[in-house]
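Each chain is listed here by its residues.
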Amino acid sequence: METEEIRKEIVIGSGNLELAYDQWVALPVSGARPSARYKHAAAVIDEKLYVIGGSRNGRYLSDIQVFDLRSLAWSSLNLKSENADKLGNSSPQEVLPAISDHSVIKWGNKLLVLGGHYKKPSGSMIGLCLSKHSDCL
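Residues take numbers from 1 onward in each chain, read along the sequence in its written order. Given that this is a predicted model, residues contribute local features only at a pLDDT of at least 70 and side-chain atom pairs are listed and counted only at 80 or more, while totals for whole chains, interfaces and linings are drawn from all residues. The basis for every side-chain value is the complete set of heavy atoms in the structure, and neither hydrogens nor water enter the calculation.

## A closer look at the pattern of salt bridges
Moving on, step 1. Throughout this description, the term salt bridge denotes a Lys or Arg side-chain nitrogen within 4 Å of a carboxyl oxygen of Asp or Glu. Applying the stated rule across the entire model yields 2 salt bridges.
Moving on, step 2. A salt bridge links Arg37 to Asp63, with the shortest nitrogen-to-oxygen separation between them at 2.9 Å. With Arg37 in the loop between strand E2 (15-20) and strand E3 (41-45) and Asp63 in strand E5 (residues 59-68), this residue pair connects regions lying 26 residues apart in the sequence.
Moving on, step 3. Accessibility expressed as a relative area gives 15% for Arg37, which makes it buried.
Moving on, step 4. When its relative accessible area of 22% is taken as the criterion, Asp63 is described as partly exposed.
Moving on, step 5. With a shortest N-O distance of 2.7 Å, Arg70 and Glu47 are connected by a salt bridge. Taken together, the positions of Arg70 in the loop between E5 and strand E6 (73-77) and Glu47 in the loop between E3 and strand E4 (48-56) put the pair 23 residues apart, joining distant regions of the chain.
Moving on, step 6. Relative accessible area serves as the criterion here: at 42%, Glu47 is assigned to the partly exposed category. Secondary structure elements are taken from DSSP: a helix is a run of H or I of four residues or more, a strand is a run of E of two residues or more, and numbering for both begins at the N terminus. Only protein chains enter the calculation, and the probe is 1.4 Å; a residue is then buried if its accessible area is under 20% of its type maximum, exposed if over 50%, and partly exposed in between.

## Section: the packing of aromatic side chains
Moving on, step 1. Two aromatic rings from Phe, Tyr or Trp, using only the six-membered ring of Trp, form a pair when their centres are within 6.5 Å; if the ring planes differ by under 30 degrees the pair is stacked, by over 60 it is edge-to-face, and anything between is tilted. Using the criterion set out here, one finds 1 aromatic pair in the structure.
Moving on, step 2. Just above the ring of Trp107 sits the side chain of Lys110; from NZ or CZ to the centre is 6.0 Å. Criterion for a charge above a ring: Arg CZ or Lys NZ at most 6 Å from the ring centre, at most 35 degrees from the ring normal.

## Observations regarding the nonpolar core
Moving on, step 1. Core analysis: the biggest nonpolar cluster contains 15 residues, and Ile52, Ile64, Val104, Leu111 and Leu130 have the highest contact counts within it.
Moving on, step 2. Secondary-structure elements contributing two or more residues to this core are E3, E4, E5, strand E7 (99-107) and strand E8 (110-118).
Moving on, step 3. The element contributing the most residues to this core is E3, with 3 residues.
Moving on, step 4. Here, two residues are considered to be in contact whenever any of their heavy atoms come within 4.5 Å of each other. Those residues in contact with Ile64 that lie beyond four places of it in its chain are Tyr50, Val51, Ile52, Ser75, Ser76, Leu77, Leu79, Leu96 and Leu130. Within this scheme, the nonpolar core is defined by two criteria: the residues are buried Ala, Val, Leu, Ile, Met, Phe, Trp, Tyr or Cys, and they are joined through side-chain atoms within 4.5 Å.

Here is the structure:
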């Protein structure tokens, strides 16, 4: 019985990779990789994977990491509240608290964060909409 080798060509940025079918290959990823985490949420919009919050060593995280699936590059998303300039505060924690055990869904070109826990007196989150524009609700 003859085995046929299947090869796939993947275009990444300006280069091409030729990969054999059903084989793991380390891809050339650039940018600072996010810290390991659990109880985070992730979703894809416009060929970018957004990884939101989670826990690391029992601490809740308030970051948003972005992986560009086309260029294979990691970056961090810095959020700024529309009211931050007025209040003289640009801290990302004001927009996204350190959150864990939540869900995120794609809603049009927006991300909607639902549920989860964060370390505030009430201890649970109802919902947060993340958008490039101020058109969440």
